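# Summary of structural features
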Amino acid sequence: MKAFKRIKGLVFPLDRANVDTDAIIPKQFLKSIKRSGFGPYLFDELRYKDHGEPGMDCTNRPLNMDFPLNWPRFQGAQVLLARDNFGCGSSREHAPWAIENYGFGVVIAPSFADIFFNNCFQNGLLPVVLPAPTVDRLFKECLATEGYTLEVDLERQTVTTPSGEAIPFEVNPHRKHCLMMGLDDIALTLQHADEIRAFETKHKSAQPWLFA
Amino acid sequence: MAGQTLYDKLWRSHVVREDADGTTLLYIDRHLIHEVTTPQAFEGLRLSGRRAWRANSVVATADHNTPTSDWDQGIKEEVARLQVEQLDANIKEFGALVYFPFRHANQGIIHVIGPENGTTLPGMTVVCGDSHTSTHGAFGALAHGIGTSEVEHVLATQTLVAKKSKAMLIKVDGPLGKGVTAKDVALAIIGKIGTAGGTGCAVEFAGSAIESLSMEGRMTLCNMAIEAGARAGIVAPDDKTAAYLKGLTHAPKGADWDKAVAYWKTLKSDADARFDSVVEIKAAEIEPQVTWGTSPEQVLAVGGRVPDPSQEADPQKRASITRSLAYMGLTAGTPLVDIKLDKVFIGSCTNSRIEDLRAAAVVARGQKKASSIKRVLVVPGSGQVKRQAEAEGLDKVFLDAGFEWREPGCSMCLAMNADRLEPGERCASTSNRNFEGRQGPGGRTHLVSPAMAAAAAIAGHFVDIRSFGERS
């Protein structure tokens, strides 16, 4: 996994609550057996006027200019600013794969769906929870200011606005460590293989039917 | 010290190790696998030279991409066929306790075949790269969806890196009214607490109304826990749970059975257990439900009217209602029973079990689908469910009513196969999500119970199932 330390980047505001994983990456793209290449299909049904299919070349597809991700001012955005319950719905990890592959490194929202939140950390994508009034203020500032950027520093756990205001955020220490070092969870867990085996032996003698 | 919740007991009995910050290595008993969310996980194992830690924890099937008709012709779409064939190859290489590939007699939706084969048991931890894994909580198991990286982690280590959720109790007391099913209870709960109401929580469903539900009803309820944002939904096991499991292929046998049942009796929240939050609902207030919007929380009793965004004070919610109505092609103030439908879907991991099909058949018996309804799909949840339904003659009831009787699979719940809505088509569906495009791009989904879906198919529009017999 690639490491995440700090991003200073253009902000794309997605002003709707309950953005679900079907909206982030529609089901037809789940047929891929790869982890990469989902970026061009991020928000496919909102972003394009035609129907997208896996493997389609997106360079000449008709864009839906009502969807702000297509606006010139948001091209090259690296910070996705969202509303409540972002990433709700299915467990598809294709959702963070698509967001990361598009070029985002951070998603900021007042709340995230649990599975999506966990999936982000497995893919070098940092989900940042900020209080709803703060997110609301960032939305207003972003919409009012072309070229609005935010700096997200994982080590310091701050989101810094263009005016220099540093907003603190919480992150699980284990997740932070793994993300900053780009560590693979499996290798870390296998360091405890003896403990897993010991647990398994005890568990099997108590409930042998679980191992039948 | 306060007593333990059922969630506490399930969690603590699976902790391999816990760090000072609460990060826990949780042992996983059952790993459910389907073709869509696992190819990258197996590829990861292959690339790192790892094996499956305990292959006999794996129960696998192909369900999302599989067609529900013309099985003899295989899977026509190439990428879908490749994904299903990749699952065959992955299971062959890495192993499984149970594998029902495409066209196997017992193939079906992973959340239907797990329980019916006794591979989901009380006290287990159950994971799957699928959000509706919460279904298995109906057995008093701790069950939830995971991402593909976590699928690889569980395959390689038999554990999950996790942090304990908060414990929420949703108590539904009193007798359920006529025509009110587990699906209506689930939708009413989501309508009350919202699609993020359970975020960060493991929800225990309790109360006399929950106890009165059959195991299949409990599965429907726990299945929808994820639509309230909950990490897991759990119902304490009881005599019904044991009766359901006894004799199933992978359920414990002989002395193990007695020992298991004795252990399962301890799996309930202590009387003095403390929950982080409690929601109480009177069963008598729950009516048959219909969703009108593009989120499961946008739901009302069938007697209601499409809401008016101008009546909503919160600007975020107002915008959301306005957007939903535009997508759904609905006008504020329209009675829900006046909404006309194009298609009906009876199936999915929420409502495709034998009791669901019986409930739909009771309504459809001797009736015909409305001429305005283009298609009614009835998709059983598994090969076993299909055979049982056919033994009871339910297939004939559906076919006589002009419904289509299909092969098992996920089908039009998420439209990864050929079963889908065309843009603008409106569907009464027994599935779990009414998101934009869920049943096909531009498709409009209304979530209902199986009986309500069947009644809508006959009438051509929604009807209150409580008075359906009187009208026809």
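Residues numbered from 1 in each chain as written. Chains lettered and ligands numbered in written order. Predicted model: local features only at pLDDT ≥ 70, side-chain atom pairs only at ≥ 80, totals over all residues. Heavy atoms only, no water.

### Some words on the pattern of salt bridges
Under the defined criterion, the tally for this structure stands at 40 salt bridges over all chains. For lysine 31 of chain A, the salt bridge identified is with glutamate 77 of chain B, shortest N-O distance 2.6 Å. Taken together, the positions of lysine 31 of chain A in the loop between helix 1 (21–24) and helix 2 (44–47) and glutamate 77 of chain B in the loop between strand 4 (58–61) and helix 3 (78–94) put the pair across two chains. Salt-bridge contacts for glutamate 93 of chain B lead to arginine 46 of chain B; the nearest nitrogen and oxygen are separated by 3.0 Å. One end of the pair, glutamate 93 of chain B, is in helix 3; the other, arginine 46 of chain B, is in helix 2 (residues 39–48), with 47 residues separating them in the sequence. For glutamate 93 of chain B, a relative accessible area of 35% puts it in the partly exposed group. Among the charged side chains, a network of salt bridges with common partners joins Asp15, Arg83, Asp136 and Lys140 of chain A. (Salt bridge = Lys/Arg side-chain N within 4 Å of Asp/Glu carboxyl O. Helix = DSSP H or I, 4+ residues; strand = E, 2+ residues; numbered from the N terminus. Buried < 20%, exposed > 50% of the residue type's maximum accessible area, 1.4 Å probe, protein only.)

### Topic: the sheet that holds strand 1 (residues 6–13) of chain A
Residues and elements named next belong to chain A. Here seven strands make up an open sheet; going across it, the order is 4-3-2-1-5-6-7 and the pairing mixed. Two strands lie at the open edges of the sheet, namely strand 4 (126–129) and strand 7 (166–168), each paired on one side alone. Taken over all neighbouring pairs, the strand axes of this sheet differ in orientation by 30 degrees on average, direction set aside. In this structure, strand 5 (residues 149–153) lies alongside strand 6 (residues 158–160), joined through three bridges in antiparallel fashion. The residue of strand 6 that forms the bridge with valine 152 is valine 159. (Pairing = 2+ DSSP bridges. Axes fitted to C-alpha atoms, helices over the stretch in contact; angles between N-to-C directions.)

### With respect to the sheet that holds strand 6 (residues 125–128) of chain B
Sheet strands associate in pairs through backbone hydrogen bonding, adopting either a parallel or an antiparallel arrangement. Residues and elements named next belong to chain B. Reading across from one edge, 5-4-3-6-7 is the order of the five strands in this open sheet, with parallel pairing throughout. Each edge of the open sheet is held by one strand with a lone partner, namely strand 5 (98–100) and strand 7 (142–145). Mean inter-strand twist for the sheet, computed between neighbouring axes without regard to direction, equals 10 degrees. One ladder, built from four bridges, connects strand 6 with strand 7; its direction is parallel. Bridge assignment links cysteine 128 to a residue of strand 7, and that residue is glycine 145. Strands strand 3 (30–33), strand 4 and strand 6 of the sheet are contacted by helix 5 (residues 148–157), whose axis makes an angle of about 135 degrees with strand 3. (Contact = heavy atoms within 4.5 Å.)

### Some thoughts on the interface of chain B and chain A
Listed by partner, the interface residues are 71 residues for chain B and 59 residues for chain A. Buried area between chain B and chain A, summed over both chains or domains, comes out near 5,500 Å², and the portion from carbon and sulfur atoms is 53%. Across the salt bridge formed by aspartate 184 of chain A and arginine 50 of chain B, the nearest N and O atoms sit 3.7 Å from each other. Taken together, the links from chain B to chain A amount to 32 residue pairs in polar contact (both at pLDDT 80 or more). Looking at the side of chain B that touches chain A element by element, the count peaks at seven residues for helix 5 of chain B. Its residues assigned to classes, the side of chain B that touches chain A comprises 27 nonpolar, 26 polar and 18 charged. (Buried area = accessible area lost by both parts, 1.4 Å probe. Polar contact = N/O pair within 3.5 Å; in protein donor to acceptor, adjacent residues only side chain to side chain. Nonpolar A, V, L, I, M, F, W, Y, C, P; charged D, E, K, R; others polar.)

### Considering the state of the cysteines
One pass over the full model with this rule turns up zero disulfides over all chains. Here cysteine 88 of chain A stays free of any disulfide, with the sulfur of cysteine 120 of chain A as its closest cysteine sulfur at 13 Å. Judged by relative accessible area, cysteine 88 of chain A falls into the buried class, the value being 8%. Of the cysteine sulfurs around cysteine 349 of chain B, a residue in no disulfide, the closest is that of cysteine 413 of chain B, at 5.9 Å. The buried category is assigned to cysteine 349 of chain B, whose relative accessible area is 8%. (Disulfide = S-S within 2.5 Å.)

### Focus: the packing of aromatic side chains
Residue and element names in this part refer to chain A. A complete count under the given rule lists 22 aromatic pairs over all chains for this structure. Arranged with centres 4.3 Å apart and planes meeting at 20 degrees, the rings of phenylalanine 29 and tyrosine 41 form a pair that is stacked. Here the residue phenylalanine 29 occupies a position in the loop between helix 1 and helix 2, and tyrosine 41 occupies one in the loop between helix 1 and helix 2, the gap between them amounting to twelve residues. Assessed through its relative accessible area of 1%, phenylalanine 29 is described here as buried. Joined through ring pairs, the aromatic side chains of Phe12, Phe43, Phe67, Trp71, Phe74, Tyr102 and Phe104 make up one cluster. Its guanidinium or amino end placed over the ring of tyrosine 48, arginine 61 lies 3.8 Å from that ring's centre, counting from NZ or CZ. Across the ring face of phenylalanine 139, the terminal group of arginine 83 is positioned such that the distance to the ring centre comes to 3.9 Å. (Phe/Tyr/Trp six-rings, centres within 6.5 Å; stacked < 30°, edge-to-face > 60°. Lys NZ or Arg CZ within 6 Å of the ring centre and 35° of its normal.)

### Section: the packing of helix 2 of chain B against helix 3 of chain B
Residues and elements named next belong to chain B. Look at helix 2 against helix 3: their axes get within 10 Å of each other, and the N-to-C directions meet at 40 degrees. With respect to helix 3, the element helix 2 is oriented oblique. The handedness of the crossing between helix 2 and helix 3 is left-handed. Here Pro39, Phe42, Leu45 and Arg46 of helix 2 lie close against helix 3, whose contacting residues are Gln83, Gln86, Asn90, Ile91, Glu93 and Phe94. In the contact of helix 2 with helix 3, the residues fall into five nonpolar, three polar and two charged. (Parallel < 35°, antiparallel > 145°, perpendicular 65-115°, else oblique. Left-handed = near helix turned anticlockwise from the far one by under 90°.)

### Thoughts on a nonpolar patch on the surface
Nonpolar side chains collect at one region of the surface, where Leu63, Met65 and Trp71 of chain A lie side by side and expose about 250 Å² of accessible area between them. For leucine 63 of chain A, the location among the structural elements is in the loop between helix 2 and strand 2 (79–81). (Patch = residues over 30% accessible without salt bridge, like charges linked within 9 Å, V, L, I, M, F, W, Y side chains within 5 Å. Areas by Shrake-Rupley, 256 points an atom, 1.4 Å probe, with all protein chains shown as cover.)

### Quick word on the nonpolar core
Counting residues in each nonpolar core, the largest one holds 112 residues, and the members touching the most others are Phe43, Phe86, Ile99 and Ile108 of chain A together with Phe398 of chain B. The element best represented in this core is helix 15 (residues 450–459) of chain B, accounting for eight residues. In contact with phenylalanine 86 of chain A, not counting residues within four places along its chain, are Leu14, Val19, Ile24, Leu80, Ile99, Val107, Ala109, Ser111, Phe112, Ala113 and Phe116 of chain A. Listed in part, the 75 residues of the second largest apolar core include Ala143, Val161, Met215 and Leu248 of chain B. (Core = buried A, V, L, I, M, F, W, Y, C linked by side-chain atoms within 4.5 Å.)

### Focus: empty space enclosed by the protein
In this structure the tally under the stated criterion is six cavities of 30 Å³ or more. Here the largest cavity is characterised by a volume of approximately 210 Å³. What lines the largest cavity is a set of 22 residues, among which His64, Asp130, His132, Leu414 and Arg438 of chain B lie closest to the centre. Of the residues contributing to the lining of the largest cavity, the split by class is seven nonpolar, eleven polar and four charged. Here the second largest cavity defines a volume of roughly 90 Å³. In terms of lining, the second largest cavity is formed by 14 residues, of which the most central are Gly89, Ala113 and Asp114 of chain A together with Ile226 and Gly229 of chain B. Its residues assigned to classes, the lining of the second largest cavity comprises six nonpolar, seven polar and one charged. (1 Å grid on protein atoms, 1.4 Å probe; cavity = no way out; pocket = protein on both sides within 12 Å on 5 of 7 lines; lining within 4 Å. Points joined across faces, edges and corners; volume = space filled by probe spheres on them.)

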